[in-house]
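The residues making up each chain are set out below.
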Amino acid sequence: ILRARASLSSAQRPQRRFAAVGPTMQIDMSKVFGGAMSGGAATLATAGPSNEESLENGVREGDRVGILFLNLGGPEKLDDVEDFLFNLFSDEDIIRLPNLVKPLQGYIARAIASRRAPTSREAYASIGGGSPIARLTQDQGDNLQVELKERGIDANVYIGMRYWHPFTEEATEKILEDDINRLVIIPLYPQYSISTTGSSIRLLNQIINQDLHTWDPRKIDHTVVPHWYNHPGYLACQASLIGAQLEEFKDNPQDVKVMFSAHGVPESYVAAGDPYKGQIESCAALIMKEVNKGKGDKAVDWTLCFQSRVGPVKWLEPYTDAVLEELGAAGQKNLVVVPLSFVSEHVETLEEIDIEY
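Residues numbered from 1 in each chain as written. Predicted model: local features only at pLDDT ≥ 70, side-chain atom pairs only at ≥ 80, totals over all residues. Heavy atoms only, no water.

Now for helix α5 (residues 194-209). Because each turn of an α-helix spans 3.6 residues, side chains separated by three or four positions end up pointing in the same direction. Over its 16 residues, α5 runs only 19 Å from end to end, short of the ideal 22 Å by more than 12%, given 1.5 Å per residue. Three or more residues of α5 are buried, namely S195, T196, T197, G198, S199, S200, I201, L203, L204, I207 and I208. Packed against the buried residues of α5 are β3 (65-71), α4 (168-177), β5 (182-187), β6 (221-224) and α7 (267-271). (Helix = DSSP H or I, 4+ residues; strand = E, 2+ residues; numbered from the N terminus. Expected span 1.5 Å × (residues − 1). Buried < 20%, exposed > 50% of the residue type's maximum accessible area, 1.4 Å probe, protein only. Contact = heavy atoms within 4.5 Å.)

What follows is the structure in structure tokens.
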């Protein structure tokens, strides 16, 4: 696995409101262990010990429960940026090369990372000198641990980042050290894409396959939640966030529009079967159905667009920057901007949405 671990020494813009925090998403843990979870969980392996009595919360006597959060990761300081980009572009799910040149992936990744690093450093410098994603993900894990404790479940939460510390390999080593025997794997991407959840799960499978004896499902019962874009708790959380921002427009909903901005992917991914676009569209529609429940003729209008495109290939449209220009030219003054495919602040929200756009 290629991995860099050490750092190298014209139209009027609408007023935007940003939905950032919200209520706790409710998850029934009894539906995670031993079966599919509402919203689309898939079981990788559930052949753990069966002679122990199950409790109401799905946890058995003597279980040592772990929750593994999988996320993208980000450079914590400016000196980390180029190596972070190298790790990103070394991923064959991000940069897809013909078989003939795949052995050159590392060289190509380093060249792209070196070329893009100065611009990326400027972006990270504008948000404080690094990405907050590791800290925020840890905060989410700490809060989940407290919530589970209140529900009678003692669980350890582990953070596995795909492209920067703490790496997924570091998290799995700690899981084994702690002798976890019930593991729930939650990629922090509500919608599934081969370039996000798919890449993280592929790496995790590589780690497991390197030591099948240790990861035998009879020793470690592990379950993955591949997507949760349609989970009722997630939808309610997003609707609550948006509703709070829309409150001042409740008498004049025509004065505001909700704009969902999702991270884009190349159209070729969708053509090859990636469900991401469909899940994003479904997710936005489900959220707005919740937002507009009972509003009748005062329902709020909304739109969906895609950001963060790079390179010469065609990405999912419409593009966020183009939609902003169109809305501004049409006289739209107020927007509630919802970064749909993100669950924590990082450079795509703090710099791209808040500053660049």
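What follows deals with the pattern of salt bridges. One pass over the full model with this rule turns up 22 salt bridges. Across the pair E92 and R202 runs a salt bridge, and its minimum N-O distance is 4.0 Å. Remark: R202 occurs in helix α5 and E92 occurs in the loop between α1 (81-89) and α2 (105-125); sequence separation between them is 110 residues. Judged by relative accessible area, which is 39%, E92 ranks as partly exposed. Among the ionic pairs, D216 bridges to R218, the shortest N-O distance being 2.7 Å. (Salt bridge = Lys/Arg side-chain N within 4 Å of Asp/Glu carboxyl O.)

By the criterion of burial, strand β7 (residues 257-263) is predominantly enclosed, with six of the seven residues buried. Judged from the seven bridges that link them, β7 and strand β8 (residues 301-307) form a sheet pairing that is parallel. Each residue of the ladder has a partner; that of V258, found in β8, is W302. (Pairing = 2+ DSSP bridges.)

At a minimum axis distance of 10 Å, the contact between α4 and α5 shows a crossing angle of 45 degrees. Put simply, α4 runs oblique to α5. The handedness of the crossing between α4 and α5 is right-handed. Every residue of α5 that contacts α4 at T168, E169 and T172 is listed here: L203, L204 and I207. Residue composition of the contact of α4 with α5, grouped by class: three nonpolar, two polar and one charged. (Axes fitted to C-alpha atoms, helices over the stretch in contact; angles between N-to-C directions. Parallel < 35°, antiparallel > 145°, perpendicular 65-115°, else oblique. Left-handed = near helix turned anticlockwise from the far one by under 90°. Nonpolar A, V, L, I, M, F, W, Y, C, P; charged D, E, K, R; others polar.)

The next thing to look at is the nonpolar core. Ranked by size, the top nonpolar core spans 44 residues in total, and within it I67, I242, V258, F260 and L340 carry the most contacts. The dominant element in this core, judged by the number of residues it contributes, is helix α8 (residues 276-291), at seven residues. One finds F86, A117, Y189 and V347 within the second-largest nonpolar core, a separate group that totals 21 residues. (Core = buried A, V, L, I, M, F, W, Y, C linked by side-chain atoms within 4.5 Å.)

Turning next to the packing of aromatic side chains. Here the structure, examined in full by the defined rule, presents four aromatic pairs. Taken together, a centroid distance of 5.2 Å and an interplanar angle of 90 degrees make the contact between W228 and Y234 edge-to-face. Y234 shares its class with W228; the two are buried. Measuring from centroid to centroid gives 5.8 Å for F260 and W302, while their planes differ by 85 degrees, and the two rings are edge-to-face. You can see F260 sitting in strand β7 and its partner W302 sitting in strand β8, a full 42 residues away along the chain. (Phe/Tyr/Trp six-rings, centres within 6.5 Å; stacked < 30°, edge-to-face > 60°.)

On to the packing of helix α6 (residues 232-246) against α8, then. Helix packing for two helices is described by the angle between their axes and how far apart those axes are. α8 packs onto α6 with a crossing angle of 60 degrees between their chain directions and a minimal axis gap of 9 Å. By the angle between their directions, the pair α6 and α8 is classed as oblique. Between α6 and α8 lies a crossing of right-handed hand. Counting all contacts with α6, which are made through Y234, L235, Q238, A239, I242 and L246, the residues of α8 involved are C283, L286, I287, E290 and V291. Residue composition of the contact of α6 with α8, by class: nine nonpolar, one polar and one charged.

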